[in-house]
Amino acid sequence: MFSKLHYLSRLYEWFFPRTCILCHYPSKAAEDLCEPCFLSLPILHESCIQCAKNLPHTSLTDLVCGKCQHSPPPFDRTYALFTYQSPITKLIMELKFHERLVNAKVLGDLLAKTIQHQWYTHQTLPEIILPIPLHNKRLKKRGFNQALEIARPIGKRLHIPIDTQGCLRTKHTEAQAQLALKKRTHNIKNAFYIRGDYTNRHVAILDDVTTTGHTISEFSKALKKAGARRIDVWCCAKTLLN
Ligand SMILES: [Zn+2]
Ligand SMILES: [Zn+2]
């Protein structure tokens, strides 16, 4: 049965090749991203295991940056796949502002594979995925939550349920990226309301791009208050500056 299905899907791919989301040529891979474009993506290598801050010029693993050592953030681990540079910037912008949902699928698939084959080969996977919630106003304007769209293929591939009901964003905030560093903490304070019970749970927060981590910190604080035992952060990309 499997081989017949496999054969049919190969046949389908032959007749209807997928188109690469970056170069727009037919992709020979079973994804909407061709191999040369995949190889051009800016993978984040050495980084702090807790906040994913880039730590270049080191070959050591399991490093914690000075900032996290001095004042540990309320989340336990951060796994970021890419640095927020071209062409990842383009993929995220197109997704958020031009509703290119296929980009979320490709990014989610790449994250899922990395989670499965690199990040969690020696540890237990989280029990649920929590895409960072958007405020209702923004959700209505955009029509979808990009973090949820990226989470879908991950949940499907790893068989982890996605929780979209237990947490709400109750404060409509200005986009963090447009604010000065000092204002970000104040802007996001008490922005989340947790109505679910996360007692003793190991959760994964999913975000598209992490900059200073203020949003994730505030969300994590609320989740820890609601009982979460361990919080891992999964994000597509981390900015290099912070
Ligand atoms: Zn391509
Ligand atoms: Zn750190």
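Thresholds, definitions, all that
- Residue indices follow the written sequence of each chain, beginning from 1 at its first position.
- Each chain takes a letter, starting from A, and each ligand takes a number, starting from 1, following the order in which they are written.
- The model is predicted, so local features are restricted to residues of pLDDT at least 70 and side-chain atom pairs to those at 80 or more, both for listing and for counting; the totals for chains, interfaces and linings are taken over all residues.
- Heavy atoms from the whole structure form the basis of all side-chain values; hydrogens and water molecules are not counted.
- With water omitted from the atoms examined, metal sites may look incomplete; donors here are N, O and S atoms no farther than 2.8 Å from the metal, or 3.2 Å in the case of Na, K and Ca.
- All geometry calls rest on donor angles, where a four-donor set with angles between 85 and 135 degrees is tetrahedral, four- and six-donor sets with opposite donors more than 155 degrees apart and all others between 65 and 115 are square planar and octahedral, and all else is irregular.
- Only DSSP runs of H or I covering at least 4 residues are called helices, and only runs of E covering at least 2 are called strands; the numbering of each starts at the N terminus.
- Between buried and exposed lies partly exposed: a residue is buried under 20% and exposed over 50% of the maximum accessible area for its type, with that area taken using a 1.4 Å probe on protein chains only.

Draft legend 1. View of the coordination of the zinc ion (ligand 2). Surrounding the zinc ion (ligand 2) are the protein donor atoms Cys 48 (SG), Cys 51 (SG), Cys 65 (SG) and Cys 68 (SG), at 2.3 Å. Geometry at the zinc ion (ligand 2) is tetrahedral, judged from its four donor atoms and the angles of 104 to 114° they form at the metal. Spacing between the donor residues of the zinc ion (ligand 2) along their common chain follows C-x2-C-x13-C-x2-C. Placement of Cys 48 in the loop between helix 2 (35–39) and helix 3 (66–70) and of Cys 68 in helix 3 is noted, with a sequence separation of 20 residues between them. In this pair, the class of Cys 48 matches that of Cys 68, namely buried.

Draft legend 2. Summary view of the coordination of the zinc ion (ligand 1). Coordination of the zinc ion (ligand 1) by the protein comes from Cys 20 (SG), Cys 23 (SG), Cys 34 (SG) and Cys 37 (SG), over a distance range of 2.3 Å. Mapped onto the polypeptide sequence, the residues donating to the zinc ion (ligand 1) form the spacing pattern C-x2-C-x10-C-x2-C. Pair noted here: Cys 23 is in the loop between strand 1 (18–19) and strand 2 (26–27) and Cys 34 is in the loop between strand 2 and helix 2, with a separation of eleven residues, a long-range link.

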